[in-house]
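# Examination of the molecular architecture
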Amino acid sequence: MNLFILLCLFFLSFSNNVNHIAGAGSDASGENPFSPKAYLMRYWSREIHNNLPQPNFLFSKASPLNSVDAVNFARLAAHNSLSTHLSSFCSSAKLFCFPDLATSLEKHDSDSNFVSYDPFIDRNFANYGTDRLGGVDSFKNYSGVAVDSFRRYSRDSGGHKDKFSLYGSDGNVVDQSFQTYATGATGGDGEFRNYNPDVNVPNLRFTSYDDDANGRTHSFTSYTDRTNSGSETFTSYGKNANGSPNEFSSYGKDSNVITSNFNNYGEKGNVNNDSFTSYGFNGNVPENNFKNYGAEANAGTESFSSYRDQSNIGDDTFQSYGKKSNSEKINFGNYGQTFNPGSDRFTGYGEAAKGQAIGFKIYGVNSTFKEYTNKKAMSFKQYTDANSEQTAKKLSGSLVNKWVEPGKFFRESMLKEGTVMPMPDIRDKMPKRSFLPRTIVSKLPFSTSKVGEIKQIFHASDNSTMETIIKDALSECERAPSAGETKRCVTSIEDMIDFTSSVLGRNVAVRSTDNVKGSKQNIQIGLVKGINGGRVSKSVSCHQSLYPYLLYYCHSVPKVRVYEADLLDPSTKAKINHGVAICHLDTTSWSPTHGAFLALGSSPGRIEVCHWIFENDMTWTIAD
């Protein structure tokens, strides 16, 4: 450590002690003058040329680091040593980091009834119910943490009954895996009811369910219902199973913008009776990939009732249905009966199958069907034509805006006193984080060419949620701007100030909706004020991106009008919130499938579209 740094640390430490003892050296806000937040306040005063109050909601996102920690972590960042102090760095700077959890090798070999399990205390399960003979095990609630794994449940058991009620519900940005359930088990029965429902930004992996089982009944009721914006994988279900009736009721129901992969259902099974009721029902913009259904299965029954029924847009592939199977009875009830077509491909239907009947009742909208062979042994009852006016009317109707939350988009005419309208859920669902000081963040790599270094700093393993978060954020930040757009990802509040002033000048104001009251309820519009006199203007909107530290995607938005409005309780007329809304007057470049047009019933360039500024997002304008 050089002499300069030592002197800085001594001076800052001395200053902190003086402030603590005598209250000296603090600015009017009570901040230590050497803290990152105090520096930010001075930066604002120097760069923003008006007398408006400093925005508390923005400054609340400033780094909470004290002056000494800020210097220490800046030094570590400069020497590429932050990864060895990640836990203290994340805790002190209020970042989003995953814990490093150890694994328990404890074996549970007696009847158990787990009501609740906390991996922070008990560590990840490696071995539960292996080689159990007879008896009953049940798990009611497992895992309430972001990073978790469950290695083995009921492996090689005999005549054993096991139940698993709930695994990992209501998580936010989760990285969880379940590796093997009842592999090689004989007799008995297993029931898995609910795996990761209602999670946000998941990376979920279920490796093996009922593989190599013999004469064992299994049911899987629900896998990742109502999940949002992430990915999920199920690798193998009932592979090499013998004489095992298996039921899978629901996979990915009501999910939003999910990448979903399911590989190997009933592969090489013998005399099984397998059923899959619903996959991807009511999904919004899904990317579903199903590979290998009933391949090389023998003398059993395989049924698939519904695949992505009533889903919106999306991109789907189904590869290999009943390939090389022998004397199988295979039925597929409904594929892709969607109301708003996306793209899908179905390849390998009954390829090289022998001695069986394969039935397909309904194959959906806007689809291609390849390799439909051996037609004498197969039946195909209905192919829904995407261009059929009757089909379009049947599938749309009341479904057309089921995926657009009421009140998410509205017309400018709604912004008048007395209007009662629904308010969408404007709550921020991302993990709580703070900005880093510019003195630290300027020393951290931030580009796709430096992904390896970034992963090393934040302990992001390959194919992990954290790796996906990092890559997605960098990709969006490095994306070329749209026509007429000026954009920048800002990694500090100082960067945000600089970008905004470069677009709008130094006389600017920043606004956001005050709170989240009224979310998912009807609200009444009170007093309305048009910013800049209600004139058409330009603004800079900033939206959070998911990253270990606070990161915002800011872009200039031309041809808008910005409004402030008191939001009232419709029953009592009491003010409950103060909302900020932005109305986009030029929508010509928007996609025809944009949710705004589904909700409002129009098309690009024909109408303006307004929306509220959600919690922790913001819009900048020239100050009045």
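### Looking at the packing of aromatic side chains
Applying the stated criterion to the full structure yields 76 aromatic pairs. Between the aromatic rings of Trp44 and Trp620, the centroid separation amounts to 6.0 Å while the plane-to-plane angle is 40 degrees, which identifies the pairing as tilted. Of this pair, Trp44 sits in helix 2 (residues 36–47) while Trp620 sits in strand 31 (residues 618–622), and the two are 576 residues apart along the sequence. Its relative accessible area of 5% is what places Trp44 among the buried residues. In this structure Trp620 comes out as buried when scored by relative accessible area, which is 0%. Taken together, a centroid distance of 5.0 Å and an interplanar angle of 20 degrees make the contact between Tyr153 and Tyr181 stacked. Of this pair, Tyr153 sits in strand 5 (residues 147–153) while Tyr181 sits in strand 7 (residues 175–181), placing them 28 residues apart in sequence. No difference in accessibility class separates Tyr153 from Tyr181, as the two residues are buried.

### Some details on the state of the cysteines
By definition, a disulfide links the sulfur atoms of two cysteines through a covalent bond. In this structure the tally under the stated criterion is four disulfides. Here Cys90 is linked by a disulfide to Cys97, with a sulfur-sulfur distance of 1.9 Å. Taking the sign of the S-S torsion, -70 degrees for the link of Cys90 and Cys97, the bridge is left-handed. Should the bonded cysteines of the chain be numbered as they appear in the sequence, the pairing reads 1-2, 3-4, 5-6, 7-8.

### Re the pattern of salt bridges
Considering all chains together, one arrives at 25 salt bridges under this definition. Each of the salt bridges in this network shares a partner with another, and the network as a whole consists of Lys455, Asp462, Glu467 and Lys471.

### Brief notes about the confidence of the model for the chain
Overall, the predicted model of the chain reaches an average pLDDT of 82, with 82% of residues at or above 70. Per-residue pLDDT stays below 50 along residues 3–28; that stretch engages in 30 contacts with residues further than four places along the chain or on separate chains. In the predicted structure, residues 385–400 sits below a pLDDT of 50 and forms 15 contacts with residues beyond four places in sequence or in another chain.

About the thresholds
Residues numbered from 1 in each chain as written. Predicted model: local features only at pLDDT ≥ 70, side-chain atom pairs only at ≥ 80, totals over all residues. Heavy atoms only, no water. Phe/Tyr/Trp six-rings, centres within 6.5 Å; stacked < 30°, edge-to-face > 60°. Helix = DSSP H or I, 4+ residues; strand = E, 2+ residues; numbered from the N terminus. Buried < 20%, exposed > 50% of the residue type's maximum accessible area, 1.4 Å probe, protein only. Disulfide = S-S within 2.5 Å. Salt bridge = Lys/Arg side-chain N within 4 Å of Asp/Glu carboxyl O. pLDDT = per-residue confidence, 0-100. Contact = heavy atoms within 4.5 Å.

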